[in-house]
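The chain contents come next:
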Amino acid sequence: MKVLVVGKGGREHALVWKLAQDVRIETVYAAPGNIGMTEAVCVPIREDAIEELVQFARDEQIDWTIVGPEGPLVLGIVNAFQAAGLQIFGPSREAAAIEGSKQFAKALMDRAGIPTADHAVFTSAAEAIAYIRRQGAPIVVKADGLAAGKGVTVATTIEQAVQAIDEIFAGDFGQQSSVVIEECLVGEECSLMAFVHEETVIPMVLSQDHKRAFDGDTGPNTGGMGAYSPLPQFDEAAVTEEAMQRVLRPLVEQMASEGIPFTGFLYAGLMLTSRGPSVIEFNARFGDPETEVILPRLETELLDVIIPLMQGNIPEVLWSDDAVVGVVVAANGYPEQPVTGHPVQTSTIGSDVLIFHAGTAAGDEEKIVSAGGRVLVCVAKAKDMQQAVATVYNGLDSFDRTGFFYRTDIAKKAFRTT
């Protein structure tokens, strides 16, 4: 078989790495991929060049295409591939709106009775600011459309919230015509992803992302600075079952009833409150950096989940009990103004650390250089969380951090009881 992975980041590198272990797969292609994806054949086609991707899949007789990022999903890559008679795993343009528009997602949750933060939507900066002044802080401000994992401000003061409104309507997170303002939920966050085809939902194991840039959950929100799985501080089975009953199943059933059935990797960002799980956001694809810690725990081949699911069957999905920790190495200045072009010396990282390339490119003299905000995701797998944490940070000790930074407290919350 031949498989195409669309995308170029750490999430896509993890997908490529997982697929390359399947002996049935002759070649894994990545479009456009990155220089670190040595397990794949990278092809120079942008992830949003949908017509070119369709033509490539036809010419190369690709058996399955798997989409990593949200951009091409919102643009309708699945619609285009299906119209061409090509097999692809992901949601249609219409279903991907659960991530493409926070306003759409909130309205859908309201119709499905899914617990989420109280919210209001505004198309006027002045009206949004007046609402914030009435509500007070803390309060959450979200750009309505895609913002590459950013565009969310958890404002502790009214002044921070007003600044976020100004930035959103100024176009700092892409062209935005509306903003969603939410109450600030209290609790602990976790990520629950699932394999979905229409009304069949297969939950994955839980993980926890670290959104803030710096240790102690300080600094600006980012696309994610690290993740870990499992979450020993929670009763995972109970959390998953409650989230399935109150969040995931109601969502897919509502979408199917409205004629926009969901297929693909469904991501639910949850806040575990005193009243149970409440939805922070839905994504229409694998999370990043959660993918990098989830896939090392998946013992079943990825296609052995996807193919039966798409045929209307319920696959057997096996997970490792091991602990996995992933630490993001980011460029200085990330997320506001990352400084790129610094040499990335992965050879100095410990050999027992998995390295997924996220934002790297070829430099002079065959060197690898940074080419994005999040540069690497360094992952360790071990029998317990303490060993996994020690392994990944020991592996990073000799890494040349000139031009880079990373958090030193990933998975710290796993060592306390909630």
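Notes on the structure in this doc start here. (Residues numbered from 1 in each chain as written. Predicted model: local features only at pLDDT ≥ 70, side-chain atom pairs only at ≥ 80, totals over all residues. Heavy atoms only, no water.)

What to know about the side chain of Gln208
Turning to step 1, where the next piece is worked out: When you line up the elements, Gln208 lands in strand β12 (residues 208-209).
Turning to step 2, where the next piece is worked out: A polar side-chain atom of Gln208 sits 2.9 Å from a polar atom in the side chain of Glu188.
Turning to step 3, where the next piece is worked out: Of note is the side chain of Gln208, whose polar atom sits 2.7 Å from the side chain of Tyr228.
Turning to step 4, where the next piece is worked out: Ignoring sequence-local partners within four residues, the contact set of Gln208 consists of Glu188, Glu189, Gly226, Ala227, Tyr228, Leu231, Gln233 and Lys413. (Helix = DSSP H or I, 4+ residues; strand = E, 2+ residues; numbered from the N terminus. Polar contact = N/O pair within 3.5 Å; in protein donor to acceptor, adjacent residues only side chain to side chain. Contact = heavy atoms within 4.5 Å.)

Observations regarding unusual backbone geometry
Turning to step 1, where the next piece is worked out: Geometrically, the link from Ala137 to Pro138 is a cis peptide bond, its omega value of 5° lying close to zero.
Turning to step 2, where the next piece is worked out: Within the fold, Pro138 resides in the loop between α7 (125-135) and β7 (139-143).
Turning to step 3, where the next piece is worked out: Cis geometry is adopted by the peptide bond preceding Pro230, which originates at Ser229 and carries an omega value of 5°.
Turning to step 4, where the next piece is worked out: Despite not being glycine, Gln61 shows a phi value in the positive range, around 55°.
Turning to step 5, where the next piece is worked out: Position of Gln61 among the secondary structure elements: in the loop between α2 (50-59) and β4 (64-67).
Turning to step 6, where the next piece is worked out: Exposure remark for Gln61: the relative accessible area of 64% places this residue in the exposed category.
Turning to step 7, where the next piece is worked out: Non-glycine residue Glu198 carries a positive phi angle of around 60°.
Turning to step 8, where the next piece is worked out: Inspection of the secondary structure puts Glu198 in the loop between β10 (188-197) and β11 (200-203). (Buried < 20%, exposed > 50% of the residue type's maximum accessible area, 1.4 Å probe, protein only.)

Quick notes on the environment of Glu167
Turning to step 1, where the next piece is worked out: You can see Glu167 is positioned in helix α8 (residues 158-169).
Turning to step 2, where the next piece is worked out: Judged by its relative accessible area of 25%, Glu167 is partly exposed.
Turning to step 3, where the next piece is worked out: Considering only alpha carbons, one finds Glu167 and Glu301, 134 residues apart in sequence, at a separation of 43 Å.

Read these as spatial facts, not as claims about activity.
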